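As a plain string of letters, each chain reads:
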Amino acid sequence: MEVCLTAVILGCVGFGIYLLYINGYVPVQSKRALFFVGSMGLRKRCNARFQSTTGIIRRVIRWKQPRTVTFCFTGKITKGRVDAFVLDKKKQVLLTLNPECPTGQLYVEGKVRYYLSIRFEKADGDYEIKWD
């Protein structure tokens, strides 16, 4: 009986975390870093300071209405590489942002799930991504 109750509780917690993720409240992270302090903000921005970071962070973003959204990548990457991608629901890259290509526009549909994915490759520095 205790094992069954534990399984039900773990299942409910897992489902709750999944609901938070698909609604954009919880990012999924798979990274290793010597130092990493960041925010994948609930609003229209995310930022971080990091050292010796390799990995990926992904979060869901949505808009209530169809519109054109402008993304802006700012920061100082002193070593390695950081790229940000906006993906569609099929996980296909729609927009790439990095220090060489810091801004971009994208037409988004309303109430459709998009993903913001940030990839680090042995990177040091800081960044901020904003969108309207």
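Just above, that's the structure.
Keep in mind that what you see is a predicted model, and the values were worked out from it rather than measured.

**Some thoughts on the environment of Leu34**
Move 1: Here Leu34 is to be found in the loop between β1 (28-32) and β2 (35-39).
Move 2: C-alpha separation for the pair Leu34 and Thr54, spaced 20 residues apart in sequence, amounts to 9.6 Å.
Move 3: For Leu34, the contacting residues outside a window of four places in its chain are Gln51 and Ser52.

**Examining the side chain of Asp124**
Move 1: Relative to the helices and strands, Asp124 resides in strand β7 (residues 114-131).
Move 2: As a buried residue without a salt bridge, Asp124 has its nearest oppositely charged side chain in Lys79, at a separation of 4.5 Å.
Move 3: At 2.5 Å, the side chain of Asp124 forms a polar contact with the backbone nitrogen of Ser52.
Move 4: Sequence-distant contacts of Asp124, that is, excluding residues within four places in its chain, are made with Phe50, Gln51, Ser52, Lys76, Ile77, Thr78 and Lys79.

**Notes on the packing of aromatic side chains**
Move 1: For the structure shown, the criterion picks out nine aromatic pairs.
Move 2: Consider the rings of Phe36 and Phe120, whose centres lie 5.7 Å apart with planes at 90°: the pair is edge-to-face. Here Phe36, found in strand β2, pairs with Phe120, found in strand β7; they are 84 residues apart in sequence, far enough to count as distant.
Move 3: A relative accessible area of 1% places Phe120 in the buried class.
Move 4: Here the aromatic rings of Trp63 and Phe71 are separated by 6.3 Å at their centres, their planes lie at 90°, and the arrangement is edge-to-face.
Move 5: For Phe71, a relative accessible area of 0% gives the class buried.
Move 6: A connected cluster of aromatic rings, assembled from ring pairs, spans Phe36, Phe50, Phe73, Phe120 and Tyr127.
Move 7: The ring of Phe36 carries Lys31 above its face, with NZ or CZ at 4.4 Å from the centroid.
Move 8: The ring of Tyr115 has Lys91 sitting right over it, with the charged end atom 4.6 Å from the ring centre.

**Considerations on unusual backbone geometry**
Move 1: The phi dihedral of Ser52 is positive, around 50°, even though this residue is not glycine.
Move 2: Secondary-structure assignment places Ser52 in strand β3 (residues 45-61).
Move 3: In this structure, Lys122 is a non-glycine residue whose phi angle is positive, near 50°.

**Regarding the pairing of strand β5 (residues 93-97)**
Move 1: By the bridge criterion, four bridges tie strand β4 (residues 67-87) to β5 in an arrangement that is antiparallel. Bridge pairing links Phe85 to Thr96 in β5.
Move 2: Once β4 ends, the chain turns through five residues before running back antiparallel as β5, passing Lys91 with a positive phi of about 65°.

**Structural notes on the state of the cysteines**
Move 1: Inspection of the entire model under this criterion finds zero disulfides.
Move 2: As a non-bridged cysteine, Cys72 has Cys101 as the owner of its nearest cysteine sulfur, 11 Å distant.
Move 3: Taking the relative accessible area as the measure of exposure, Cys101 reaches 36% and is therefore partly exposed.

The rules behind these values
- Residues numbered from 1 in each chain as written.
- Predicted model: local features only at pLDDT ≥ 70, side-chain atom pairs only at ≥ 80, totals over all residues.
- Heavy atoms only, no water.
- Helix = DSSP H or I, 4+ residues; strand = E, 2+ residues; numbered from the N terminus.
- Contact = heavy atoms within 4.5 Å.
- Buried < 20%, exposed > 50% of the residue type's maximum accessible area, 1.4 Å probe, protein only.
- Lys, Arg positive; Asp, Glu negative; His and termini not counted.
- Salt bridge = Lys/Arg side-chain N within 4 Å of Asp/Glu carboxyl O.
- Polar contact = N/O pair within 3.5 Å; in protein donor to acceptor, adjacent residues only side chain to side chain.
- Phe/Tyr/Trp six-rings, centres within 6.5 Å; stacked < 30°, edge-to-face > 60°.
- Lys NZ or Arg CZ within 6 Å of the ring centre and 35° of its normal.
- Pairing = 2+ DSSP bridges.
- Disulfide = S-S within 2.5 Å.

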